[in-house]
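Understanding the architecture of this molecule
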Amino acid sequence: MNRLSKEKSAYLKHSANQKIDWYPWSEESFEKARLEDKPVFLSSGAVWCHWCHVMAEECFYDDEIAGLLNENFISIKLDRDERPDIDRRYQLAAAAMGSGGGWPLSVFLTPGKVPFFGGTYFPPEEKLGRPGFKKVLRAVDELYRRQKDDIAEYTEKLMNALKTAPVTAGDINESLLDGAVTDMLSEFDPQNGGFGTAPKFPMPGALEFLLGRYVLSNNESAGLAVRKTLEAMALGGFHDQIGGGFHRYSTDRANAYAVFGDRLFMEVAKGTFNFIRDVLSGPDGGFYVSQDADVTPADEGGYFTWTDDDLRKALNDEEYKALSLYLMSDAGAMHHDETKRVLFVALSAEDVAVKTGKDVKEIAAMIKSGRSKLLQERNQRQTPFIDKTFYSSVNGMLISAFLLGYKVFKDEGLKEFAIKSLEKILKLRFIENRLFHTEDVKALLDDYAYLIDALISAYEVTGKASYLEQADGLMKLCMENLWDSDEGGFFDTDEHLLEMKIKGIEDIPHPSANSILIIQMLKLSFMVNNDGYLRYAEKALRLFSSKAKNIGIHSGYYFCALDACFNPVKVTLNTPASSDLTSTALSLPTPYKIIGYGEDKGYVVPCMKNVCYGPVSDPAALKALLIKRNA
């Protein structure tokens, strides 16, 4: 056992039995490197990373590689989920060195923490054009011992290249919104959905922004892009057709259902909530960080894939005929084993009915019963490892999503579990007026952003002032610790490793924390009657406007924030949280809605932009007023 056995991170503990003398990220490790004059090998990854497991299996259990690392290097293992701030900086350095980025990240550092060589996955011996790790270790050791002057010169140039240049603020106006729509739609793939070319990541910020533009301005092209993309995601192998949820990355579908009323979107959104509740959450509340894609590194995605024989064994003959047409296709073949398939909707139920000569209702029933049997069969398999760490950022994001689900679907179970999870994460991670990312790791910007969002969402659905007060207090704490008092905007952390002060606006692909915080400042300015928040939000919007315009599709949530600034809908609820009028106000698919509670007088007062309307006491009248706004 090495010293990683004492760590809290599940990913680090996975390496505890390796013969490598691993250190966690610590000053102790760099002090030892200085004393022994050795370079540092830093390996950064996560439980969910397939190639991290492959490299561990191939290299880190290899006796020769363990010997080379123990003799010539100080080796550090980093969990990128636990310390995304450290990982992000070395990812940028690896990219600047021409090594690309991703996980596992494998970089070599001086004892002063400065990188001088790096890459991602290395096989033990040269393979597929990748240098062998044994050869890399010997070459780096020789380079460090014989060419320190060259390394010093190189690292100085690298650090200069990585220094954050001042951001040039730009103007903000509504015409930027139209330009952003045009830019995003220029990357839309009308045939397959999504943006750009394969491989594609879902772009939740772009989808959210385009959905808002469709509602606000009746932009049919924006609506088409969102609908086509979400349909493709719902029917494709990206979506777990058996158990619900999405592989690798996901975005909830509740907003799309509220706008389009499409039953498919409702089913997928509810399936995603059910998957998260059943698999990725604790029984007494709280959300886990991830589920591995693999049971073993040799079988990528094996738990989720199916062979023809698997289907035959699990289903009766009629179900097999229907589901093999419905969900099995050669296009879903795994690259490492073509007998295994990722399931996706290859043919519609109607097409299956035509091919089999059966009634479509009969086929739909077979699909339903067949899916249930496949899920039962899969539940008998050895399940992939689940990292049960509670991170503030992940919990804040999912609590907000569950509360959105409650607003749209009126599902009390979603609200109850979200509120229970919020109370749990506050107890675990907000201690003596200090917020933590996880145990003993202080909060990063994402933690503040998503938890403030969750608190505001909790206030909206419960009307409890305590949640609003906590959101206000946490925002003030975030500004105290991470707001850039010179330029505006928020730094990702107050520990600027390698002197890199990062203020990001891009969605990567989860929502940009700066963008989320701008939206929350806009909300709080109304909710707690503090114009100071509005001024800070506008300053941040101006600061990031030029950069957001340049990165287009990757700044979707920035443009959501800009839209929220110009097109807010402020609704004062002089009604209890349990009333039909409140339920209607919360459930309407009105973008950039800001909720405030007043005394119970039996009516609500909506204000759109700078125009306020008279009191509304009838749910139908409120719906007509807010929907008319978008016509």
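Residues numbered from 1 in each chain as written. Predicted model: local features only at pLDDT ≥ 70, side-chain atom pairs only at ≥ 80, totals over all residues. Heavy atoms only, no water.

1. Let's talk about the sheet that holds strand β4 (residues 105–109)
Filter applied, for reference: Paired strands are those between which DSSP finds at least two bridges. Working definition: helices are DSSP H or I runs of at least four residues, strands are E runs of at least two. Numbering for both runs from the N terminus. Under this scheme, a helix contributes an axis fitted over its contacting stretch, all axes are lines through C-alpha atoms, and angles between N-to-C directions fall in the 0 to 180 degree range. Any two residues having at least one pair of non-hydrogen atoms within 4.5 Å are treated as being in contact.
With mixed pairing, 5 strands are arranged side by side in an open sheet as β1-β3-β2-β4-β5. Sheet topology places β1 (22–24) and β5 (115–119) at the edges, where each strand pairs with a single neighbour. Direction aside, neighbouring strands of the sheet carry axes that sit 25 degrees apart on average. In this structure, strand β2 (residues 40–45) lies alongside strand β3 (residues 74–79), joined through 6 bridges in parallel fashion. Bridge assignment links Ser43 to a residue of β3, and that residue is Lys77. Those strands touched by helix α2 (residues 27–36) are β1, β2, β3 and β4, and its axis lies near 160 degrees from that of β3.

2. Some details on the pattern of salt bridges
Definition in use: One side-chain nitrogen of Lys or Arg within 4 Å of one carboxyl oxygen of Asp or Glu is enough to make a salt bridge.
Using the criterion set out here, one finds 42 salt bridges in the structure. Glu31 is the partner of Arg34 in a salt bridge, and the nearest nitrogen-oxygen pair spans 3.1 Å. Taken as a pair, Arg34 and Glu31 lie in helix α2 at a separation of 3 residues, close to a single helical turn. For the salt bridge of Glu506 with Lys547, the shortest nitrogen-to-oxygen distance reads 3.5 Å. Within this pair, whereas Glu506 is found in the loop between α20 (465–482) and α21 (513–527), its partner Lys547 is found in helix α22 (residues 531–551), the two being separated by 41 residues in sequence. Residues participating in the shared-partner salt-bridge network are Asp62, Glu64, Glu125, Lys134 and Arg138.

3. As for the sheet that holds strand β12 (residues 441–442)
Read across the open sheet, the 3 strands follow the order β10-β11-β12; overall the sheet is antiparallel. The open sheet terminates on both sides in strands that have one partner only, identified here as β10 (430–431) and β12. By the bridge criterion, 2 bridges tie β10 to strand β11 (residues 434–438) in an arrangement that is antiparallel. Looking across to β11, one finds that Phe430 is bridged to Leu435.

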